[in-house]
Amino acid sequence: MKVLIGVIATNKSEQLFILDNGQPVLVQANGDNLEEKFGNYPILKQHPLKINDEPMKGPGVFRFRYGPVTAGVREAGCFHLYTYGEKILRATIDISWKQREIAKAMQDKSPETALMMAERVCSNFAISHSVAFGRAVEMALDAVPSLPTKNWRTLLIESERIYNHLYVIYKLASAAAQKVLAAHVSALFEEALRLNENLTGSRYLMGINNIGRLNRMPTVTDIQKIAHGYRELAKKFTELYKHSLKNYNYLDRLHSAGTLTPAQADKLGLTGPSLRACGVMDDLNDATEHLISLPVITQKEGDALARMEVRAEEIVNSCRYLVDHLRASDSWNEAGKNDTEFAKTGGTGYVVVNSPSGALGYYVEVKESKMQRVEIFTPSYPGMHAVSHALEGLIFTDFPFVFESFGVHFADAAS
Amino acid sequence: MSQWWPLYGLKKKLTERKEYTSSVKLRLNTTGVFKRSLFVYIIDVGSSNALNFEISALEAPQYNIHRFGIFLTDSPRHADVLLILGHPVKKMIDPLRETILQLPKPFYTITIDDNPHQPDSVDYPELPNHIAALTGVPSPSQILGLLLDIAKTKRKES
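What counts as what
Residues numbered from 1 in each chain as written. Chains lettered and ligands numbered in written order. Predicted model: local features only at pLDDT ≥ 70, side-chain atom pairs only at ≥ 80, totals over all residues. Helix = DSSP H or I, 4+ residues; strand = E, 2+ residues; numbered from the N terminus. Rg over C-alpha atoms; globule rule 2.2 N^0.38 Å. Contact = placed C-beta atoms within 7 Å. Buried ≥ 20, exposed ≤ 12 C-beta atoms within 10 Å, placed from the backbone. Core = buried A, V, L, I, M, F, W, Y, C linked by C-beta atoms within 7 Å. Nonpolar A, V, L, I, M, F, W, Y, C, P; charged D, E, K, R; others polar. Pairing = 2+ DSSP bridges. Right-handed = clockwise from strand over helix to strand, strands pointing away. Axes fitted to C-alpha atoms, helices over the stretch in contact; angles between N-to-C directions. Parallel < 35°, antiparallel > 145°, perpendicular 65-115°, else oblique. Left-handed = near helix turned anticlockwise from the far one by under 90°. Expected span 1.5 Å × (residues − 1).

S.K.: Just checking my understanding: could you explain the overall build of chain B for this structure?
M.R.: A count of helical and extended segments in chain B gives 3 helices and 5 strands. When its helices and strands are written in sequence order, chain B yields β-α-β-β-α-β-β-α. Taken over C-alpha atoms, the radius of gyration comes to 17 Å for chain B, in line with the 15 Å a tight globule of 158 residues would show. Considering only residue pairs separated by 6 or more positions, chain B has 81% of its internal contacts joining residues 24 or more positions apart.

Written as structure tokens, this is what we have:
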């Protein structure tokens with residue numbers, strides 16, 4: 001399976017950053033029918049900040065602006081919804097309100113400083129950004145981190161996946177007015193953040209990763225307690241989830257909301273749980289060095305319900321994964337040092353990581369131990385395109401189900 | 001396992017019973033006006049999203065902010081406090097100013113700057129009744145402690 005992650009323009013030519021069977025590859029663009037090979041090539045090449053920006057006209061059609069200051073979508077982003085009344089005919093999404101140009105600001109910074117900036121691109125994906133950036137720099141400088149570092153990074157990405165997926169399900173339950181379910185899921189969301197803090201000292205797993213090493217290894221004494229915490233979290237969530245699946249009111253609201261076909265998802269370059277909910281078995285797990293392969297969860301319908309179901313199963317799988325490997329982690333700390341040697345002071349690196357919302361790619365150029373160029377390819381950018389297309393033809397009450405079910409964020413899309 | 005949602009979780013005691021304190025020094029004197037209830041409107045002017053997640057975590061049953069009379073409101077017109085999340089980006093300065101104009105008096109503004117060293121950034125505009133300025137990503141406990149200080153409400157469960 002080949003997915004176009006990004007287009008990297010240079011002075012003379014263009015390079016395509018592709019995920020080919022789970023491995024990142026840089027290919028020179030030779031101009032041969034790129035739009036046919038990769039449906040999302042025009043989107044990534046032009047990278048519009050106003051997504052699906054084609055005004056719509058018709059009898060009674062007017063443009064309704066929602067944002068950038070709203071209570072429903074708390075982030076600074078703007079929706080321009082074309083409608084004649086109840087139905088959304090087109091949704092233009094303006095992500096420019098949150099643009100901070102962090103990739104540009106990383107230039108001429110040391111890799112360590114740039115890594116701290118990478119964590120702040122979208123802090124709920126902090127460890128995904130941090131690991132992707134760190135591994136890209138390590139590739140550029142020909143550094144191989146120790147086994148404990150690699151193993152812990154894998155576990156921390158799964159910790160991040162758990163709380164992000166709980167957040168999505170909490171927001172979906174709130175949108176569907178399922179207050180009891182929402183309250184219990186939000187309690188689990190808070191529990192997951194506290195487990196993160198117990199494990200790393202940071203609720204959002206920030207400040208723990210570094211270039212070639214971890215800033216600190218999680219302490220072994222608390223590991224058993226934290227593993228128990230994840231086991232209890234999985235047990236409570238499973239009980240809640242089974243209970244929610246009997247609530248036909250809840251299921252009915254999510255069913256057929258924001259349906260995407262596999263062909264549409266492929267054309268938009270969608271990755272992650274939203275793609276897997278369309279029935280496409282992707283190979284993103286191969287992009288991260290896993291200790292064992294996690295099962296790839298898919299559904300078929302491609303609607304908000306399917307996206308929720310994929311996330312629900314991934315929460316349980318990730319919890320089990322953490323429980324098993326946290327208990328074995330005391331042997332890692334003895335296995336290797338937490339230091340890496342850098343063979344070079346410059347080079348090019350490119351890495352893709354399986355973030356909670358899909359493929360997160362970094363392309364870096366390092367020169368004399370300073371960042372020369374950084375390109376960030378986030379899953380929320382194609383995700384916002386998917387939201388825009390999925391909203392067409394739906395009524396306004398379906399808006400939160402579609403937007404929340406994709407798990408996208410303006411901070412991530414507008415990096 | 002109970003099949004009826006209203007009974008589900010009745011035996012689970014999720015709400016914490018603890019004192020919420022804040023180390024933030026208030027810049028202004030407070031009044032007892034908000035002792036019974038405090039309505040908070042959230043605006044994101046450029047945060048990295050961790051703060052948005054912390055506000056969502058604040059709504060979790062562990063904190064149960066409603067027992068203190070603290071509510072998040074959907075409109076600045078109904079707000080007593082404007083909670084400004086993130087270091088501002090240039091484009092959000094005007095929407096921030098417009099939002100402040102909607103707040104009825106009396107009101108306070110609080111800023112939480114999660115990235116003070118954000119490159120190419122702008123400063124906050126002049127903020128009226130700016131009662132507290134936090135940096136970093138404070139936990140929900142710290143945010144709740146601050147709101148309780150402003151509301152002059154008892155810290156423990158009332």
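S.K.: Quick question: what am I supposed to make of the overall build of chain A here?
M.R.: Counting secondary structure elements, chain A contains 16 helices and 12 strands. Relative to the 2.2 N^0.38 estimate, which gives 22 Å for 415 residues, the radius of gyration of chain A is 21 Å and therefore close to what a compact globule would have. Expressed along its principal axes, the backbone C-alpha trace of chain A runs to roughly 70 × 55 × 35 Å. In chain A, buried positions account for 54% of the 415 residues. For chain A, contacts bridging at least 24 residues in sequence account for 70% of all contacts bridging at least 6.

S.K.: I keep staring at the nonpolar core and nothing clicks. Help me out?
M.R.: The tendency in soluble globular proteins is for nonpolar side chains to be buried as a group. Among the nonpolar cores identified, the biggest contains 176 residues, and A:L166 and A:F189 are the most heavily contacted of them. If we skip the residues at most four places from it in the chain, A:F189 touches A:Y163, A:L166, A:Y167, A:Y170, B:A57 and B:A60.

S.K.: Even after reading the chapter, I still don't get the interface of chain A and chain B, so can you show me in this structure?
M.R.: One frequently used descriptor of interface size is the decrease in accessible area upon assembly of the parts. With 33 residues of chain A at the interface, the matching set in chain B holds 34 residues. The dominant element in the side of chain A that touches chain B, judged by the number of residues it contributes, is helix α7 (residues 179-200) of chain A, at 8 residues. Considering only residue class, the side of chain A that touches chain B consists of 16 nonpolar, 8 polar and 9 charged.

S.K.: Whenever I open this one, the pairing of strand β3 (residues 81-85) of chain B confuses me. Can you help?
M.R.: The two faces of a sheet get side chains in turn, since along a regular strand they alternate between them. Residues and elements named next belong to chain B. With 5 of 5 residues buried, β3 lies mostly within the body of the structure. The pairing of strand β1 (residues 38-44) with β3 spans 5 bridges and is parallel. Paired with Y41 across the two strands is L82, which belongs to β3. Looking at chain direction, β3 and strand β4 (residues 108-113) are connected through 5 bridges and run parallel. Across the sheet, residue L82 finds its bridge partner in β4, namely T109. Handedness of the β-α-β unit built from β3, helix α2 (residues 93-102) and β4 comes out right-handed.

S.K.: I would appreciate a short explanation of the packing of helix α6 (residues 147-175) of chain A against α7(A) in the present structure.
M.R.: Axis angle and axis distance: for two packed helices, these are the angle between their axes and the distance between the axes, and together they describe the pair. Residue and element names in this part refer to chain A. One can describe the packing of α6 onto α7 by two numbers: an axis separation of 8 Å at closest approach and a directional angle of 160°. The angle between the axes of α6 and α7 places the two elements in the roughly antiparallel class. Judged by the sense of rotation from one axis to the other, the crossing of α6 with α7 is left-handed. Packed against α6, whose contacting residues are S159, I162, Y163, L166, Y167, I169, Y170, A173 and S174, the element α7 presents L181, A182, V185, S186, L188, F189, A192, L193, N196 and L199 at the interface. Across the contact of α6 with α7, the residue classes tally to 15 nonpolar, 4 polar and no charged.

S.K.: Is there a simple way to think about the sheet that holds β3(B) in this case?
M.R.: Hydrogen bonds between backbone groups are what pair the strands of a sheet, and the pairing can be parallel or antiparallel. All names here are of chain B. If you walk across this open sheet you meet the 5 strands as β2-β1-β3-β4-β5, and the pairing is parallel. Whereas interior strands pair on both sides, the edge strands pair on one side only; in this sheet they are β2 (70-72) and β5 (130-135). Strand-to-strand twist of the sheet, defined as the mean angle between neighbouring strand axes without regard to direction, takes the value 20°. Docked against the sheet, helix α3 (residues 140-151) engages β1, β2, β3, β4 and β5, running at close to 135° with respect to β1.

S.K.: Looking at this structure, how should I read α6(A)?
M.R.: Structurally, the α-helix is built with 3.6 residues per turn, so residues lying three or four positions apart point the same way. Residue and element names in this part refer to chain A. The end-to-end C-alpha separation of α6 is 43 Å, in line with the 42 Å expected for 29 residues at 1.5 Å each. Most of α6 is tucked away: 26 of the 29 residues are buried. A177 occupies a position one or two residues after α6 and carries a positive phi of about 60°.

S.K.: Sorry, what's going on with the packing of helix α1 (residues 50-58) of chain B against α3(B) here?
M.R.: Residues and elements named next belong to chain B. As a packed pair, α1 and α3 sit with axes 9 Å apart at the nearest point and diverge in direction by 70°. Here α1 lies roughly perpendicular to α3, going by the angle between them. Contacts between α1 and α3 involve E54, A57 and L58 from the first element and P140, I143 and L144 from the second. Partitioned by chemical class, the residues of the contact of α1 with α3 number 5 nonpolar, no polar and 1 charged.

S.K.: I keep staring at helix α5 (residues 126-140) of chain A and nothing clicks. Help me out?
M.R.: Its 15 residues give α5(A) an end-to-end C-alpha distance of 21 Å, which sits within 8% of 21 Å, the value for a rise of 1.5 Å per residue. Of all 15 residues that make up α5(A), 14 are buried, and the element is covered over most of its length.

S.K.: Explanation requested: the environment of A:F401 in the structure shown.
M.R.: Residue and element names in this part refer to chain A. Within the secondary structure, F401 sits in helix α15 (residues 399-405). In the structure, F401 is positioned 231 residues away from Y170 in sequence and 11 Å away in space, judged by C-alpha atoms. When sequence neighbours within four positions are dropped, the list of residues in contact with F401 reads L172, A175, R253, L254, A257, G258 and A304.

S.K.: Looking at this structure, I do not really get the pairing of strand β5 (residues 62-66) of chain A. What am I missing?
M.R.: Residue and element names in this part refer to chain A. Across the 5 residues of β5, 0 count as buried, placing the element largely on the outside. In this sheet, strand β6 (residues 78-83) lies alongside β5 in antiparallel orientation, the contact comprising 5 bridges. By the bridge assignment, Y66 is partnered in β6 with F79.

S.K.: Please explain the sheet that holds β6(A) as it appears in this structure.
M.R.: Residue and element names in this part refer to chain A. An order of β4-β7-β6-β5 is seen for the 4 strands of this open sheet, with the pairing classed as antiparallel. Whereas interior strands pair on both sides, the edge strands pair on one side only; in this sheet they are β4 (50-51) and β5. Contacting β4 and β7 (88-94), helix α14 (residues 380-391) crosses the sheet at an angle of about 160° to β7.

S.K.: Explain unusual backbone geometry here, please?
M.R.: For residues besides glycine, phi is generally negative; the peptide bonds are generally trans as well. In this structure, A:P68 follows A:G67 across a cis peptide bond, with omega equal to 5°. Position of A:P68 relative to the elements: it lies in the loop between β5 and β6. In this structure, the amide linkage connecting B:K105 to the following residue, B:P106, adopts the cis form with an omega of 0°. Take B:P106: it is sitting in the loop between α2 and β4. Backbone geometry places A:A177, a non-glycine residue, at a positive phi of 60°. Along the chain, A:A177 turns up in the loop between α6 and α7. Even without being glycine, A:S256 reaches a positive phi, approximately 65°. Position of A:S256 relative to the elements: it lies in the loop between α9 (248-254) and α10 (262-268). A count of 16 C-beta atoms within 10 Å places A:S256 in the partly exposed class.

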